[in-house]
Amino acid sequence: MTHSSTLRLLIMVLPSSEDVPSSAADLLATGALDSSVRVWSRSQKKCLCVVRCHEDVVHCVRFAHDGKSLLSASEDRKACETVLVDALGSSHHVKCCAKLRGHSSAVKSVQPLSGEGRRRCFTVGDDGTLRVWDLDRAKIETFESLSSGSGRPITASIWMKDGTSTLVVCGDSEGTL
């Protein structure tokens, strides 16, 4: 089984804590120009399921820290959380449970955030904003304009823990961090 259009990205989940099911280490996720996200088994060399929660090009796919859900970002101006209900077992079902809407243009990146016992993520996009989301409520917690009024699209992001703080680094279409 393959995507019906150009493959856009490939992400592999690796267990990073005891919260991640061991079967999750076998998973890959891909996003493509055909608006689909697919979850693959590396060992079986096959597609386990197709996620259809976007209407346009998928720019980014990330597994949540617990390996039980998948986050995706798209040209359709939204990010989605998909719970891998049985994708780790034998029936391979998924449930698109949160559609995160708020960006005024394409969402280029989505990143899970860990800590504080809360399920959160952040998104960045072509509208030059960063948004922190509460995944349980599918609501924006924090909104920040990052392009200093330039209107330049934010094209890349990463986060890291710095002691007790969370540091988010973003890059725009002009190469500015």
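For the structure, check the block above.
As a starting point, this report considers the structure included with it. Since the structure is predicted, the reported quantities are computational estimates derived from the model, not experimental observations.

What counts and how
- Residues numbered from 1 in each chain as written.
- Predicted model: local features only at pLDDT ≥ 70, side-chain atom pairs only at ≥ 80, totals over all residues.
- Heavy atoms only, no water.
- Buried < 20%, exposed > 50% of the residue type's maximum accessible area, 1.4 Å probe, protein only.
- Helix = DSSP H or I, 4+ residues; strand = E, 2+ residues; numbered from the N terminus.
- Pairing = 2+ DSSP bridges.
- Contact = heavy atoms within 4.5 Å.
- Polar contact = N/O pair within 3.5 Å; in protein donor to acceptor, adjacent residues only side chain to side chain.
- Axes fitted to C-alpha atoms, helices over the stretch in contact; angles between N-to-C directions.
- Salt bridge = Lys/Arg side-chain N within 4 Å of Asp/Glu carboxyl O.

Let us look at the pairing of strand β6 (residues 69-74). Counting buried residues along β6, six of its six residues qualify, which places the element largely inside the surrounding structure. Of the two faces of β6, the one holding Ser69, Leu71 and Ala73 and the one holding Leu70, Ser72 and Ser74 are both buried throughout. Relative to β6, strand β5 (residues 58-63) runs antiparallel, the two being bridged by five bridges. Following the sheet pairing, Val61 is matched in β6 by Ser72. Two successive antiparallel strands, β5 and β6, enclose a turn made up of five residues, where Gly67 displays a positive phi of approximately 70 degrees. Between β6 and strand β7 (residues 78-83), which follow one another and run antiparallel, lie three residues, and Arg77 among them has a positive phi close to 75 degrees.

If you trace the backbone, Ser145 turns up in strand β12 (residues 139-145). According to the relative accessible area criterion, Ser145 is partly exposed, its value standing at 47%. A sequence separation of 16 residues divides Ser145 from Thr129, and the C-alpha atoms of the two residues are 4.4 Å apart. For Ser145, the contacting residues outside a window of four places in its chain are Gly128 and Thr129.

Relative to the elements of secondary structure, Asp134 occurs in strand β11 (residues 129-134). Among the polar contacts made by the side chain of Asp134, one reaches the main-chain amide nitrogen of Asp136 at a distance of 2.9 Å.

Strand order in this open sheet of four strands is β5-β6-β7-β8, and the pairing throughout is antiparallel. Strands with a single pairing partner mark the edges of an open sheet, and in this sheet they are β5 and β8 (95-101). Direction aside, the axes of adjacent strands within the sheet are offset by 20 degrees on average. The pairing of β6 with β7 spans five bridges and is antiparallel. Looking at the pairing, Ser69 lines up with Val83 of β7.

Following the criterion strictly, the structure yields eight salt bridges and no others. We note a salt bridge from Lys78 to Glu55, for which the minimum N-O separation is 2.6 Å. Pair noted here: Lys78 is in strand β7 and Glu55 is in the loop between β4 (46-51) and β5, with a separation of 23 residues, a long-range link. A relative accessible area of 2% places Lys78 in the buried class. Classification of Glu55 by relative accessible area gives exposed; the value is 59%. Among the ionic pairs, Asp136 bridges to Arg119, the shortest N-O distance being 2.7 Å. Of the two residues, Asp136 sits in the loop between β11 and β12 while Arg119 sits in the loop between β9 (107-113) and β10 (120-125), which places them 17 residues apart along the sequence.

The quantities given are spatial measurements derived from coordinates; they are silent on function.
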